[in-house]
There are 2 protein chains.
Amino acid sequence: MSTEATLRQRLLTPGPTQVPEAVLRELAKPIIHHRTDQFRQIFSQVSQRLRRIFCTQCPVLTICGSGTTAFEAAQVSLISPGQKAVTCASGKFGERWQDVYDVYGIEQVRINAPWGHAIEPERIAQALQQHPDAKVVTVVHSETSTATGCDLKSIAQLVASTDAILIVDGITSVGALPVEMDAWGIDVLVAGSQKALMLPPGLGFVAVGDRARHRLDRSISVHCYNLDLRRWLSSYEKNDVPFTPPISLIRALSVALEMIEREGLQRVWSRTSRLAAGTREGLRVLGLKLISAMPSDSVTGAFYPQTTAGSVDDGTFRAALRQRHGIHIAGGQKGRCGDFAGRIFRVSHMGHISEMDTRAALVAIEAELIAAGHPVKRGTTGKAIERFFNDSVIASHVEEE
Amino acid sequence: MSTEATLRQRLLTPGPTQVPEAVLRELAKPIIHHRTDQFRQIFSQVSQRLRRIFCTQCPVLTICGSGTTAFEAAQVSLISPGQKAVTCASGKFGERWQDVYDVYGIEQVRINAPWGHAIEPERIAQALQQHPDAKVVTVVHSETSTATGCDLKSIAQLVASTDAILIVDGITSVGALPVEMDAWGIDVLVAGSQKALMLPPGLGFVAVGDRARHRLDRSISVHCYNLDLRRWLSSYEKNDVPFTPPISLIRALSVALEMIEREGLQRVWSRTSRLAAGTREGLRVLGLKLISAMPSDSVTGAFYPQTTAGSVDDGTFRAALRQRHGIHIAGGQKGRCGDFAGRIFRVSHMGHISEMDTRAALVAIEAELIAAGHPVKRGTTGKAIERFFNDSVIASHVEEE
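Here goes a summary of the coordinates provided. (Residues numbered from 1 in each chain as written. Chains lettered and ligands numbered in written order. Predicted model: local features only at pLDDT ≥ 70, side-chain atom pairs only at ≥ 80, totals over all residues. Heavy atoms only, no water.)

1. So, the side chain of B:E281
Residue and element names in this part refer to chain B. Tracing the backbone through its elements, the reader meets E281 in helix α11 (residues 265-284). Polar side-chain contacts of E281 include one of 3.0 Å to the side chain of R284. Sequence-distant contacts of E281, that is, excluding residues within four places in its chain, are made with A384 and F388. (Helix = DSSP H or I, 4+ residues; strand = E, 2+ residues; numbered from the N terminus. Polar contact = N/O pair within 3.5 Å; in protein donor to acceptor, adjacent residues only side chain to side chain. Contact = heavy atoms within 4.5 Å.)

2. Observations concerning the environment of B:H325
Residues and elements named next belong to chain B. Within the secondary structure layout, H325 lies in helix α12 (residues 314-325). According to the relative accessible area criterion, H325 is partly exposed, its value standing at 23%. Distance from H325 to A360, taken between C-alpha atoms, is 8.2 Å for residues 35 residues apart in sequence. Residues within four places of H325 in sequence aside, it is in contact with L7, R8, A320, A364, A367 and E368. A distance of 2.8 Å separates the side chain of H325 from the side chain of E368, its partner in a polar contact. (Buried < 20%, exposed > 50% of the residue type's maximum accessible area, 1.4 Å probe, protein only.)

3. Some remarks on the sheet that holds strand β4 (residues 107-112) of chain A
All names here are of chain A. Across the sheet, 7 strands lie side by side as β2-β8-β7-β6-β5-β3-β4; this open sheet has mixed pairing. Where the open sheet ends on each side, the last strands, each with one partner, are β2 (60-64) and β4. On average, each strand axis in the sheet is inclined to that of its neighbour by 20°, with strand direction left out of account. Along the sheet, helix α2 (residues 37-53) contacts β2 and β8 (203-208); its crossing angle with β2, the most-contacted strand, is approximately 120°. Against the sheet, helix α4 (residues 92-104) engages β3 (84-89), β4, β5 (134-140) and β6 (165-169), with an angle of about 155° to β3. (Pairing = 2+ DSSP bridges. Axes fitted to C-alpha atoms, helices over the stretch in contact; angles between N-to-C directions.)

4. Description of the sheet that holds strand β3 (residues 84-89) of chain B
For sheets, the rule is that strands pair by backbone hydrogen bonds, running either parallel or antiparallel. All names here are of chain B. Judged by pairing direction, the sheet is mixed, and its 7 strands sit side by side in the order β2-β8-β7-β6-β5-β3-β4 without closing on themselves. Each edge of the open sheet is held by one strand with a lone partner, namely β2 (60-64) and β4 (107-112). Taken pair by pair, the neighbouring strands of this sheet meet at an average axis angle of 20°, ignoring direction. Across 3 bridges, strand β6 (residues 165-169) lies against strand β7 (residues 188-192) in parallel orientation. Across the sheet, V168 pairs through a bridge with L189, a residue of β7. The strands touched by helix α3 (residues 67-77) are β2, β5 (134-140), β6, β7 and β8 (203-208); relative to β7, the strand with the most contacts, the crossing angle is about 165°. Each of β3, β4, β5 and β6 is contacted by helix α4 (residues 92-103), which is oriented at about 155° to β3, the strand it contacts most.

5. Here's the deal with the pairing of strand β9 (residues 299-303) of chain B
Residue and element names in this part refer to chain B. Within β9, 5 of the 5 residues are buried, leaving the element largely enclosed by the surrounding structure. What you see with β9 is no split at all: V299, G301 and F303 on one side and T300 and A302 on the other are buried throughout. One ladder, built from 5 bridges, connects β9 with strand β13 (residues 344-348); its direction is antiparallel. Its bridge partner being in β13, G301 is matched across the sheet by R346.

6. A closer look at the relation of the copies chain B and chain A
Structural alignment of chain B on chain A gives an RMSD of 0.0 Å, achieved by rotating through 180° and translating 0.0 Å along the axis. Expressed as an axis order, the relation between the two copies is that of a two-fold axis. When the interface residues of chain B are mapped onto chain A, 100% of them again fall at the interface, so both copies present the same face. (Least-squares fit on C-alpha atoms with pLDDT ≥ 70 in both.)

7. A short note on the environment of A:P305
All names here are of chain A. Note on placement: P305 falls in the loop between β9 (299-303) and β10 (306-307). Under the relative-accessibility criterion, P305 is labelled buried at 9%. With 19 residues separating them in the primary sequence, P305 and L286 have C-alpha atoms 9.4 Å apart. Leaving out residues up to four positions away in the same chain, P305 has contacts with L288, G310, S311, V312, L369 and H374.

This is the structure in structure tokens:
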């Protein structure tokens, strides 16, 4: 048995995700100043590439901070205290955005669904009919805590026909799932660096569509300095940033985005979807129950099975995966309206992850479930995903012809 | 003449500053997850080292963002809208902190000094006497835009005897100038990663003293989510962070802080002070006028001289330094109450800078000033700093005996 230190490590957590070698090497380059032509060229290229990956012609702002920083900036820049927002939540992150608006004194029409269930577009339509004065709708495209997607295209379409601005948490969707900002009519789309964009954490992104831009120009009373998107937009127009940016991360981002473009965005989406479907199949044959009624393709979550020895201990199970197999996956989280802590595990499909990484994770999961007393035959999941990936390769070849 | 690409590059801008090789190599290590023992060990070590470098026993919070993010967090977490703050400014950054409080609707007693002049402690004492209801005093220890220091020890002492909380912008002082948080009675001390701490930009730091802690516990009505220091403090107590942190930067920070400790904080302060004094001497013999009446030791600024050919063009001059000598220095900035753009240049002494870097910068500055028509003899500054550094070596040896 290998020790953890000598094993090849595979990071399959839903953020941070694996960072490619070429991106790591870029991080190690000597620092350059941000008020130079060299940096401006990199930044301009990064902005262009981001627009293509967000599927938009509109500005995509690169903000120093976490995904939470970027989403809060979008939230607070597009509504004034006392105004009304429709806020959707069916997991920890949707709940966080509700908490943010609570802090800012925004009146909320809350649409909450049980953890593991998607927000139904009809409920948003109803809320907007009942509250035509709502200024903003917030929705999470891929709720990481419950590995759940939603019908974002329909939601975007219906919000676009109202006066409300749609702010989408695409933190674990942009670069992983099909999400077409302009074609679908999304007003604001937020992402983070440490998910499908294959970078370490430290950057957030806010794409600002025309309707949102118009709202910003009409000068909402924003009560933040650093998070006021107008400040970032006006710098963006000069190919600049308002404050000293994380230069190393932005350089590395340029390399990561180039990798995505070289593979092709559509192919990245297909690969992610294929890994997710393979994982669902691999877990299904192990007799596990998914945590989501509408699984997102960026991350898959499953409940621990009841075993002959009782229940699987989350800490022990994931430590064994790390120590014996070099496999890092996530456990469950706890929120206001749900609690998956200790009850589930989650495997990410975002970014720099191959079929081999996914197979390795499933085979290791099977081995440690068996060790914990789960009654399946060794090799069950391996055979199933072997078959699945072979079949789907053929299927995708056929499609291309 | 070498081309820019083949020249050894020396970054002497007051942020970002040079990042040591060992720190760059750490940035290139494979990413790890932040909810692991491995990261918690690194984070705990970083927090300990930060406390030593801030000269405090109190928590030093590591925040994802720029120095501005960190300072805004301190500003907004310690006062409620409608309350009163004494805000000091004598340069672009002091003015920025006044702008931040304007956005938040804080009543301000503004103490402004002309650019290049230090804020006098007496003026703060007077303001606090006239406004005993002031909740907060903000002051910049080293105003980077004007290369100016202040008598922070006296300011801290006098504010400590009132009910106001002192928030210090130590962004270009912590790790460069003597600043002893606990001994001097500073309540809140803010720094950034890309200055004396020798890291790329992307992290801010907020040290929270006991009086500030007490104020936070009494629950000020903070109207921000991400910037609410209570959230960071409560995570800090569990050796954790509230949001996904910039993992790579924090790992690299650990290496940078270890380097500072190996050299010894007092020695780093002495080195910085020596480089600053040498630079002032080197510019003096060139007949240049410093921009500051009370120069900070972290950065030195000088006005361009009038030459036989008229005035020195800032853009041309600094481009020549980069292209012919690999020397990167900063120009002047523009603020609300002052404008040094195009009129000055600034040379940093913070962080990973040697005597040789400083000599190289001064010799190059002399060469390009001569090229621009400034009438000095080639070798003037070289001889002067040679003498200065040799004399001060002897002086410091004598002192040690």
